[in-house]
Amino acid sequence: MLRQIVSGENQQDFAARLGLDAKRWNNYEQGYPVPRHVAMMIMTQLDGMSIEWLWFGKVGNLSTYYLEQIRAIEALERQQQKARQHILQQAPAKPLPKRATAAPKTKSRGRKRS
């Protein structure tokens, strides 16, 4: 969400803007914890950003700009989720395709008689 709020760039460009390796930034977006030194670097580059939001998702110390951006993105995500649910509810239930059943294999016991 931070990347969307700040620039909308792709991961690689945004990581370069922050002075980070793209793979490292990808890890943070996937849920790995942001280390203290990275959080401090982000806060110095992005005036109004708070460590509480970066680490815990708390918005109390964010600037008004970032708070408004976060709320707009969250509202858009809620709308998209409602639209997906509506589409799924409207779609007719499709019966599952029948599987072809093969005849069970029989094991022969003992020798064949001739």
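Residues numbered from 1 in each chain as written. Predicted model: local features only at pLDDT ≥ 70, side-chain atom pairs only at ≥ 80, totals over all residues. Heavy atoms only, no water.

Assigned secondary structure in the protein chain consists of six helices and zero strands. Each of the 114 residues in the protein chain was classed as buried or not, and the buried ones make up 21%. Taking the contacts inside the protein chain whose residues are at least 6 apart along the sequence as the reference set, 27% of them involve residues at least 24 apart. Summed over its atoms, the accessible surface of the protein chain is roughly 9,700 Å², and 51% of this surface lies on carbon and sulfur atoms. (Helix = DSSP H or I, 4+ residues; strand = E, 2+ residues; numbered from the N terminus. Buried < 20%, exposed > 50% of the residue type's maximum accessible area, 1.4 Å probe, protein only. Contact = heavy atoms within 4.5 Å. Areas by Shrake-Rupley, 256 points an atom, 1.4 Å probe, with all protein chains shown as cover.)

Each aromatic ring pair is described using two quantities: the centre-to-centre distance and the angle formed by the ring planes. Applying the stated criterion across every chain yields a total of four aromatic pairs. Look at Trp 25 and Tyr 28: their rings are 6.0 Å apart centre to centre, the planes differ by 90 degrees, and that puts the pair in the edge-to-face class. Of this pair, Trp 25 and Tyr 28 both sit in helix H3 (residues 22-29), three residues apart, roughly one helical turn. When sorted by exposure, Trp 25 lands in the same class as Tyr 28, which is buried. Taken together, a centroid distance of 6.3 Å and an interplanar angle of 80 degrees make the contact between Trp 55 and Phe 56 edge-to-face. Put simply, the rings of Phe 14, Trp 25 and Tyr 28 touch in pairs and so form one group of aromatic residues. (Phe/Tyr/Trp six-rings, centres within 6.5 Å; stacked < 30°, edge-to-face > 60°.)

Turning our attention to the environment of Gly 60. By secondary structure assignment, the location of Gly 60 is in the loop between helix H5 (51-56) and helix H6 (64-90). For Gly 60, a relative accessible area of 69% corresponds to the exposed category.

With 21 residues, the main nonpolar core has Leu 2, Leu 20, Trp 25, Ile 42, Met 49, Trp 53 and Leu 54 as its most contacted residues. Counting residues per element, the ones that place at least two in this core are helix H1 (2-6), helix H2 (11-18), H3, helix H4 (36-45), H5 and H6. Contacts of Trp 25, omitting those with residues within four sequence positions, involve Leu 2, Arg 3, Gln 11, Phe 14, Ala 15, Leu 18, Leu 20 and Ile 42. (Core = buried A, V, L, I, M, F, W, Y, C linked by side-chain atoms within 4.5 Å.)

Here we come to the pattern of salt bridges. Applying the stated criterion across every chain, the model contains two salt bridges. In this structure, Arg 3 engages Glu 29 in a salt bridge whose closest nitrogen and oxygen atoms are separated by 2.6 Å. With a gap of 26 residues between them, Arg 3 in helix H1 and Glu 29 in helix H3 connect regions that are remote in the sequence. We classify Glu 29 as partly exposed; its relative accessible area is 31%. (Salt bridge = Lys/Arg side-chain N within 4 Å of Asp/Glu carboxyl O.)

Our focus in this paragraph is H6. For H6, built from 27 residues, the straight-helix expectation of 39 Å at 1.5 Å per residue is met to within 8% by its first-to-last C-alpha distance of 39 Å. Buried within H6 are the following residues: Tyr 66, Leu 67, Ile 70 and Ile 73. Considering only its buried residues, H6 is in contact with H1 and H5. (Expected span 1.5 Å × (residues − 1).)

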